[in-house]
Amino acid sequence: MEQSLPPRVTIITVTYNSSAVVEGLLRSIPASVPCILVDNASRDAEDTGALAAAHGARFIENPENTGFGPACNQGAAQAGTEFLFFVNPDAELFEDTLEHLLDAADAHPEASAFNTRIVKGDGSLFFKRRSKLIAKSLWLGRDAAQQDGEVPVLSGGALLVRKSAFDQVGGFDPKIFLFHEDDDLSLRLKAECGPLRYVFAAQVRHLLGHSTERSAKTAALKAWYMGQSRVYGARKHGLPFGFLRALGEASLQLVSPLNLLSARKRSKNWYYFRAVLSSAAQQSADLPPPWQQD
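Residues numbered from 1 in each chain as written. Predicted model: local features only at pLDDT ≥ 70, side-chain atom pairs only at ≥ 80, totals over all residues. Heavy atoms only, no water.

Asks: Honestly, the pairing of strand S4 (residues 83-87) in this entry has me stumped. Any pointers?
Replies: The side chains of a regular strand alternate between both faces of the sheet. Burial runs high along S4: 5 of the 5 residues are buried. The alternating pattern of S4 places Phe83, Phe85 and Val87 and Leu84 and Phe86 on opposite faces, both of which are buried. Relative to S4, strand S1 (residues 9-15) runs parallel, the two sharing 4 bridges. Considered in S4, the bridge of Ile12 is made with Phe86. Bridge count between S4 and strand S9 (residues 158-162): 5 bridges; the pairing is antiparallel. The residue bridging Phe86 from the neighbouring strand is Leu159, located in S9. (Buried < 20%, exposed > 50% of the residue type's maximum accessible area, 1.4 Å probe, protein only. Helix = DSSP H or I, 4+ residues; strand = E, 2+ residues; numbered from the N terminus. Pairing = 2+ DSSP bridges.)

What follows is the structure, encoded as structure tokens:
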């Protein structure tokens, strides 16, 4: 009898109050593919753990929220496969997603990491063609999403990476709690391990923005870490005037008339501004938001 080959890829997802959406991802993962869920101190961790157990996934429960990148690193440390596939919990794989990704990886051994085509709920595409951490001259046009090719950065929402390359660069930067951690990882992978590629044939369906609850407090939390990470990343990768540019954008968002219409938007823009401003003297992106500081 022919023996089945061991799996080449481990799927890793980070959950934070995501029990309402993660089952779709778990159902879409082939039974032979190992999956690791790392939960960042969710209120619904028990429910998420039960879903993981029901679908044969490994569940790691953190007593506190360590941030997206560090949680990804936790999952990666438990994986023993050739590839790691980081996927957001509100995503679903197609039947041939992994097949197309691995075919691309085999066809391009020089490449260190890959993105799938990300199909949003309305059928349109999400394609990461630019980043605040690279020069505008490196940004891609919109038509780049319609074909395979090299890309300047990758989205962490559906990122396949060779584990050897991930380990070589030290994984995600643990100083980045949330946001721009995939940009930072992409730039280090590209510089140290090889090109980044987009695989048009490989698809992931993604709800985008539904991996966590939507509230003014959640918006403030995300905005705080986005501001911190924006400035930290710009400094780390030597972008000129990174702080001043971020402060200018934050200031414009703060005075937007749209803030009058939404408490969530007001909270988001206020804490983004405060985070950027506070980062003037900060050298890392892990300063907790004001309500968590002593």
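Asks: Help me understand the packing of aromatic side chains in this model?
Replies: Aromatic ring pairs are defined here through the distance separating the ring centres and the angle between the ring planes. Applying the stated rule across the entire model yields 7 aromatic pairs. Seen from their ring centres, Phe68 and Phe172 are 6.0 Å apart, and the 70° between their planes marks the pair as edge-to-face. Here Phe68 is found in helix H3 (residues 68-77), whereas its partner Phe172 is found in the loop between helix H5 (163-168) and helix H6 (181-192), with 104 residues between them in sequence. In this structure, Phe68 and Phe172 share a single accessibility class: buried. Relative to Tyr225, the ring of Phe177 lies with its centre 4.0 Å away and its plane at 20°, an arrangement referred to as stacked. Of the two residues, Phe177 is situated in the loop between H5 and H6 and Tyr225 in helix H7 (residues 216-236); the sequence distance between them amounts to 48 residues. With respect to class, Phe177 is no different from Tyr225; both count as buried. Each residue in the set Phe68, Phe86, Phe166 and Phe172 is aromatic and connected to the rest through ring pairs, giving one cluster. (Phe/Tyr/Trp six-rings, centres within 6.5 Å; stacked < 30°, edge-to-face > 60°.)

Interpretation in functional terms is not warranted from these geometric data alone.
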